[in-house]
Amino acid sequence: MQIKFSAEPAGDAVAYLAYEGDKGVEFAADLDKSAEAAMRRAIAAGSFKGGAGQVVEILAPEWSDASRVMIVGVGKKTAVSELGWQKAAATLVKRLLTSGAKSLSIVGAPDRGVAANLAFGARLAGYRFDQYRLNLKTDKKPTLASVSVVTDSAAGARSDYAPLSAKAEGVELARNLVSEPPNVLHPESYAERIEELSELGLEIEVLDVAAMTKLGMGSLVGVGQGSVRGSRLVVLKWMGGKDKKAAPVALIGKGVTFDTGGISLKPGPGMQDMKGDMGGSAAVVGAMMAIAKRKAKANVVGLVGLVENMPDGNAQRPGDIVRAAAGKTIEIQNTDAEGRLVLCDVLWYAQKKFNPKAMVDLATLTGAIIVSLGNEHAGIFSNSDDLVAKLTAAGKAEGEPIWRLPLGPGYDKQIDSEVADMRNIGNAGNAGSITAAQFLQRFVDEGRAWAHLDIAGTAWKPGNDNPLEPTWATGWGVRILDRFIADNYED
Ligand code: BES
Ligand code: MN
Ligand code: ZN
């Protein structure tokens, strides 16, 4: 989607922003008298009140050059958030995407910041993953190619939009990565794709199986040993802070490019969704892209553990005992609880190598988090009230809300093992998301600020109706992470 800022409306479709007022609908822009009269008549014909997400659409009006005039509600004038403006633009774009209209102008942005947020919302809504749909019927093909936001401070809006455009590119990358089929995106090809980001000034380091084995990462390597693809650990470094030697924030992602469950094989129906089991890593890679693109003045490192969990003659078995790099042994009781086995070695490496001042991991870790929170909130588990507060605020502002769940010794003892230092599952049907988080916490150094986000319910959402997001892969995590860094760690 091409995004522009201009002084005058011009387009197949022109949309006017409107507030819900005490005396009825209030237009955000000054309108021509005859146009306003015609639009009020259209409003009176329906139930439009200017509420957020409401739309009026007038086709081929005689009084306009545009073939469609639209009115979109943004809610009460005093209460429109950045997210509210983004969603208004997104609603328009979603309606027009395959409508035949090629261009849209949005009129009524009260200032440059609003103009930039309208553009950001339009951009996110215009995303589709159509690479493999080679023979789409004409009426299913997107027609809308450009959105222009009308503002009398176009230059200002353009500069406000620059960091949002970087963030949108990160979200798009994350969506692409999650949507790619698992025969195309596997640990080896994924690592190569990440290496391409070095052109943005990110320093990329790739560890292969031999390097990880040498470091003692028996836990991560064990998960990948049933796959013909070699596992990888990829580090993305952005040292943009004033003091390049200051401790960075570490962002860590689960990158299981396909999760069959391994020998503890998952049931067949729905298994195709497990191509998205690398959603945590995609969020980290997308956020690192955004951070680099907007040249953030912060030290941030991203670390992603990339593996494919396959059943095979050489696959890991239930009953195996592996030794993690941290020098702790793990009894594998279920090869489908593989995400924590990957993350524990990545957490160890992040701490040993970077001594980070804070560590946030994202993972599609447990089905149980969907039982608890559905597709609305991601779960957060943390040893730091401060990190929870920062991430909760960032998530709220970005429309990626999170909800805290507890940790505690009563849960932790569920993962004790009779033959090793720990086992990789808790008791069946008993706080599964929490015991997974307890497992990770056993690899977090004493005194290190750490948060774990379980995004199994938000990385993809079947039948998603959020106008800012496509139907499946949301790119969840890029927006919350980018704002978390921007608001708390930049010089
Ligand atoms: N990748 C899954 C979790 C998942 C489930 C993500 C549904 C998205 C949607 C994870 O590796 C897994 O299989 N977890 C098991 C853990 C269990 C064996 C303790 C689960 O949730 O069933
Ligand atoms: Mn699994
Ligand atoms: Zn998994």
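Residues numbered from 1 in each chain as written. Chains lettered and ligands numbered in written order. Predicted model: local features only at pLDDT ≥ 70, side-chain atom pairs only at ≥ 80, totals over all residues. Heavy atoms only, no water.

**Considering the overall build of the protein chain**
Next, step 1: Within the protein chain, the regular secondary structure consists of 14 helices and 18 strands.
Next, step 2: Across its three principal axes, the protein chain shows a C-alpha extent of roughly 80 × 50 × 45 Å.
Next, step 3: Expressed as a percentage of the 491 residues in the protein chain, the buried residues total 58%.
Next, step 4: Taking contacts inside the protein chain between residues at least 6 apart in sequence as the whole, the part at least 24 apart equals 77%.
Next, step 5: Accessible surface, the protein chain as shown: approximately 19,900 Å² in total, 49% of it carbon and sulfur. (Helix = DSSP H or I, 4+ residues; strand = E, 2+ residues; numbered from the N terminus. Buried < 20%, exposed > 50% of the residue type's maximum accessible area, 1.4 Å probe, protein only. Contact = heavy atoms within 4.5 Å. Areas by Shrake-Rupley, 256 points an atom, 1.4 Å probe, with all protein chains shown as cover.)

**Some points on the packing of helix 11 (residues 385-398) against helix 14 (residues 478-488)**
Next, step 1: Interaxial distance between helix 11 and helix 14 falls to 8 Å at its minimum, and their mutual angle equals 120°. The angle between helix 11 and helix 14 falls in the class oblique. Pair helix 11 / helix 14 crosses with right-handed handedness. Every residue of helix 14 that contacts helix 11 at L387, K390, L391, A394, G395, A397 and E398 is listed here: R479, I480, R483, F484 and N488. (Axes fitted to C-alpha atoms, helices over the stretch in contact; angles between N-to-C directions. Parallel < 35°, antiparallel > 145°, perpendicular 65-115°, else oblique. Left-handed = near helix turned anticlockwise from the far one by under 90°.)

**Some details on the side chain of Q414**
Next, step 1: Among the secondary structure elements, Q414 is positioned in the loop between helix 12 (409-412) and strand 17 (422-423).
Next, step 2: Assessed through its relative accessible area of 9%, Q414 is described here as buried.
Next, step 3: When residues no more than four places from it in sequence are discounted, the contact partners of Q414 are R423, I425, G426, N427, N430 and T435.

**Looking at unusual backbone geometry**
Next, step 1: Even without being a glycine, A60 presents a positive backbone phi close to 45°.
Next, step 2: The phi dihedral of K295 is positive, around 50°, even though this residue is not glycine.
Next, step 3: Counting through the fold element by element, K295 comes out in the loop between helix 8 (279-293) and strand 11 (299-309).

**Some thoughts on the coordination of the zinc ion (ligand 3)**
Next, step 1: Each protein donor to the zinc ion (ligand 3) is listed here as K254 (NZ), D259 (OD), D277 (OD) and E338 (OE); together their distances run 2.0 to 2.4 Å.
Next, step 2: Because the angles between the six donor atoms bound to the zinc ion (ligand 3) fall within 78 to 174°, the donor set is best described as octahedral.
Next, step 3: Read from N- to C-terminus, the donor residues coordinating the zinc ion (ligand 3) fall into the pattern K-x4-D-x17-D-x60-E.
Next, step 4: Between the two metal centres, the zinc ion (ligand 3) and the manganese ion (ligand 2), the spacing is 3.2 Å, with D259 acting as a shared donor. Placement of the pair is D259 in strand 10 (residues 249-259) and D277 in the loop between strand 10 and helix 8, with a sequence separation of 18 residues.
Next, step 5: For D277, a relative accessible area of 2% puts it in the buried group. (Donors = N, O, S within 2.8 Å, 3.2 Å for Na, K, Ca; no water. Tetrahedral: all angles 85-135°; square planar, octahedral: opposite > 155°, others 65-115°.)

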